[in-house]
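# Structure assessment
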Amino acid sequence: MRSYLNLVGDGTCTDPTIVIRWSGHEFGHVIVPPNDPVANAVVEEMGVWPIIDFMLMRLYGEMSEEERIAWYELHATDVVEITAPPHPKPRELTVFRWSDNMQFRPVNEVLETEVMPELAQVWGKRRAPSGSKEEAH
């Protein structure tokens, strides 16, 4: 079994639930419910960038919001690989994509502002009759 540096805290872990790889760095984390800090952060933000934030804290310690955003901007094109439930296979995306194009929005907001209006528009086009029922009578 392979050991990884803990994403949170000191030491190493084997058989982690989450694995994050970036620029030669590898971290692992075993999710321990109910108050797991990584899982809670992901659920609260409803995105995966909190995992990258934990990596940043592990690498650089506490960062101000300005330093954190500057890091994201500087490394926007870097590919970060994250293996996390429910996906058994690693997912590779750029820092820019993991961070929701640097917007750090909860998934609910993305759904409400982008996905739902687009679906409503598509659904409306599908349901629009070619002629009204009154014309058919």
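Here we summarise the structure given alongside this text. For every chain, the first residue of the written sequence is number 1, and numbering continues from 1 onward in sequence order. Local features in a predicted model are, by the rule used here, given only for residues with pLDDT of at least 70; side-chain atom pairs are given and counted only at 80 or more, and totals for whole chains, interfaces and linings are based on all residues. Water and hydrogen atoms were dropped before computing side-chain values, which therefore reflect all heavy atoms in the structure.

## A word on the sheet that holds strand 3 (residues 18-22)
The six strands lie next to each other as 2-1-4-3-5-6, forming an open sheet whose pairing is mixed. Single-partner strands in this sheet number two, and they are strand 2 (12-14) and strand 6 (91-94). On average, each strand axis in the sheet is inclined to that of its neighbour by 35°, with strand direction left out of account. Summarising the sheet, strand 5 (residues 79-83) and strand 6 pair through four bridges and their orientation is antiparallel. Directly across from Val79, in strand 6, lies its bridge partner Thr94. The sheet strands contacting helix 2 (residues 49-60) are strand 1 (3-6), strand 3, strand 4 (25-29) and strand 5, and the helix crosses strand 3 at an angle near 65°. At least two bridges found by DSSP between two strands is the condition for calling them paired. Put simply, DSSP H or I for four residues or longer makes a helix, DSSP E for two residues or longer makes a strand, and each gets a number counted from the N terminus. Axes here refer to lines fitted to C-alpha atoms; in helices the fit is confined to the stretch in contact. Angles between the N-to-C directions go from 0 to 180 degrees. We call two residues in contact when some of their heavy atoms are within 4.5 Å.

## Overview of the pattern of salt bridges
Any Lys or Arg side-chain nitrogen located within 4 Å of an Asp or Glu carboxyl oxygen qualifies as a salt bridge. Summed over the entire model, instances satisfying the criterion amount to six salt bridges. Of the charged contacts in the structure, one is a salt bridge between Arg21 and Glu26, with a shortest N-O distance of 2.7 Å. Buried residues are those whose accessible area, probed at 1.4 Å on protein chains only, stays under 20% of the maximum for their type, while exposed residues exceed 50% and partly exposed ones sit between those limits. Taking the relative accessible area as the measure of exposure, Arg21 reaches 23% and is therefore partly exposed. Using a relative accessible area of 24% as the deciding quantity, one classes Glu26 as partly exposed. For Asp53, the salt bridge is made with Arg68, and the minimal N-O distance between the two is 3.0 Å.

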